[in-house]
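If you want the building blocks of each chain, they are given just below.
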Amino acid sequence: MNPLRQGFSWWCYADRGVADEELMSKARGIGLEAVDLIDKSLWPLAQKHDLRIAAVEGHGSIEQGMNRRENELRIEMELRTRIEDAEKFNIPVLICFSGSRDGIDDESGLAACADTLGRLAPVAADAGVTLAVELLNSKVDHADYQCDHTEWGVRLCEQVSSPAVKLLYDIYHMQVMEGDVIRTVEKYHPHFAHYHTAGNPGRGQPDETQELNYPAIYRAIAATGYQGYISHEFLPQGDPIAALKSAYDDCLHSLGSSSQSWED
């Protein structure tokens, strides 16, 4: 049995020639268990197809995030509303963003993020929700983003010191910024609430054409005893269903499991 529960990030595969409901149905038929980064209007449809909503954005935006004191009230209000939504729809993770530096030094930005997360952590914990700050690269995709290295994110989690505050470890983004993925997973996995996959360069299919060795990475994550979801967040070339099936099977095979359709 595959010890990793796989999902997919909606934005990568939607609007690529497959209707919403068909995409959900076929993804579940492949064996994928969850979907993330999906619009609230589609949450009931995902549940209809037995797809858990694994993670959604907790507040806006990537650039105007928690590191700016002037954003505190707005983000706190947005997160409180989203926590209520997450509890109602059984969503385990709300994705949070540090924001761009825009002149804010790392220590000041970390302190501001920690203050906001510290106030919301008890509320999230009571609702059974984890606030996961996403690690994003500032080299290619999100220039000037502050939470762009694992160690900064881990320091933030340690400062808040709550099991309800962790990180979203995006393998693609951290390969761009720092590499050393397997050692990072082994060292810091207690702080990781959610994973995203994609190949590098170009956020492609996580296969042998990319520089990341995903079979070894999947095995490293599984070895930590991780119980959450690992979501495929790559840009498919061609049929999105076929691309998801390939990614799902690759993960299964890397862990010594064989593919079996959920519908079988």
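Just so you know, these numbers come straight off a predicted model, no measurement behind them. (Residues numbered from 1 in each chain as written. Predicted model: local features only at pLDDT ≥ 70, side-chain atom pairs only at ≥ 80, totals over all residues. Heavy atoms only, no water.)

Participant: Just to check I follow, could you spell out the overall build of the protein for this structure?
Facilitator: Counting secondary structure elements, the protein contains 10 helices and 8 strands. Here the protein has a C-alpha radius of gyration of 18 Å; the compact-globule value for 264 residues is 18 Å, and the two agree. The C-alpha extent of the protein, read off along each of the three principal axes, is 50 × 40 × 35 Å. Looking at the protein as a whole, 59% of its 264 residues qualify as buried. (Helix = DSSP H or I, 4+ residues; strand = E, 2+ residues; numbered from the N terminus. Rg over C-alpha atoms; globule rule 2.2 N^0.38 Å. Buried < 20%, exposed > 50% of the residue type's maximum accessible area, 1.4 Å probe, protein only.)

Participant: I keep staring at the pairing of strand E3 (residues 52-57) and nothing clicks. Help me out?
Facilitator: For a regular strand, side-chain orientation follows a simple rule: the groups alternate between the two sheet faces. Bridge count for strand E2 (residues 34-36) against E3 is 3 bridges, and the pairing is parallel. By the bridge assignment, Ala34 is partnered in E3 with Arg52. With helix H3 (residues 43-48) bridging E2 and its parallel neighbour E3, the resulting β-α-β unit is right-handed. Of the pairings in the sheet, the one linking E3 to strand E4 (residues 93-96) comprises 3 bridges and is parallel in character. When the bridges of E4 are listed, Val56 appears paired with Leu94. With helix H4 (residues 72-89) bridging E3 and its parallel neighbour E4, the resulting β-α-β unit is right-handed. (Pairing = 2+ DSSP bridges. Right-handed = clockwise from strand over helix to strand, strands pointing away.)

Participant: How should the sheet that holds strand E5 (residues 130-134) be read in this particular structure?
Facilitator: Sheet strands line up and pair through hydrogen bonds in the backbone, either parallel or antiparallel. Spatially, E1-E2-E3-E4-E5-E6-E7-E8 is the arrangement adopted by the 8 strands of the closed barrel, whose pairing is parallel. Between one strand axis and the next, the sheet turns through 30° on average, direction left out of account. Taken strand by strand, helix H8 (residues 181-188) contacts strand E6 (165-170) and strand E7 (192-197), and its axis lies near 160° from that of E7. (Axes fitted to C-alpha atoms, helices over the stretch in contact; angles between N-to-C directions. Contact = heavy atoms within 4.5 Å.)

Participant: It is not clear to me how the layout of surface pockets should be interpreted in this structure. Could you clarify?
Facilitator: Vacant regions in the atomic arrangement are exposed by a probe of water-molecule size rolled over the atoms. Taken as a whole, the second largest pocket holds about 220 Å³ of empty space. As for the second largest pocket, its lining consists of 16 residues, and the residues nearest its centre are Trp11, Leu37, Glu57, Phe97 and Glu233. (1 Å grid on protein atoms, 1.4 Å probe; cavity = no way out; pocket = protein on both sides within 12 Å on 5 of 7 lines; lining within 4 Å. Points joined across faces, edges and corners; volume = space filled by probe spheres on them.)

Participant: Just checking my understanding: could you explain the pairing of strand E1 (residues 5-9) for this structure?
Facilitator: In terms of burial, E1 is largely enclosed, as 4 of its 5 residues are buried. Relative to E2, E1 runs parallel, the two sharing 3 bridges. Opposite Phe8, over in E2, you have Val35 as the bridge partner.

Participant: Would you take a moment to explain the confidence of the model for the protein for this structure?
Facilitator: Interpretation of the predicted coordinates at a detailed level should be avoided for regions scoring low in pLDDT. Chain-level pLDDT for the protein is 96 on average; 97% of the residues reach the 70-or-more range. Considering only residues more than four positions removed or in separate chains, one finds that residues 260-264, a stretch of pLDDT under 50, has 10 contacts. (pLDDT = per-residue confidence, 0-100.)

Participant: Help me out: how do you make sense of unusual backbone geometry in this one?
Facilitator: Backbone phi values are negative for most residues with the exception of glycine, while trans is the configuration of most peptide bonds. Of note, the amide linkage connecting Gly60 to Ser61 takes the cis form, showing an omega dihedral of -5°. Within the fold, Ser61 resides in the loop between E3 and H4. In the segment running from Asn200 into Pro201, the intervening peptide bond is cis, with an omega of 5°. Tracing the backbone shows Pro201 in the loop between E7 and helix H9 (214-223).

Participant: Help me out: how do you make sense of helix H2 (residues 20-30) in this one?
Facilitator: Structural remark: α-helix, 3.6 residues per turn; residues separated by three or four positions point the same way. Listed as buried for H2 are Leu23, Met24, Ala27, Arg28, Gly29 and Ile30. On its buried side, H2 packs onto E1, helix H1 (10-13), H3 and helix H10 (240-254). Phi turns positive, to about 125°, at Gly31, one or two residues after H2.

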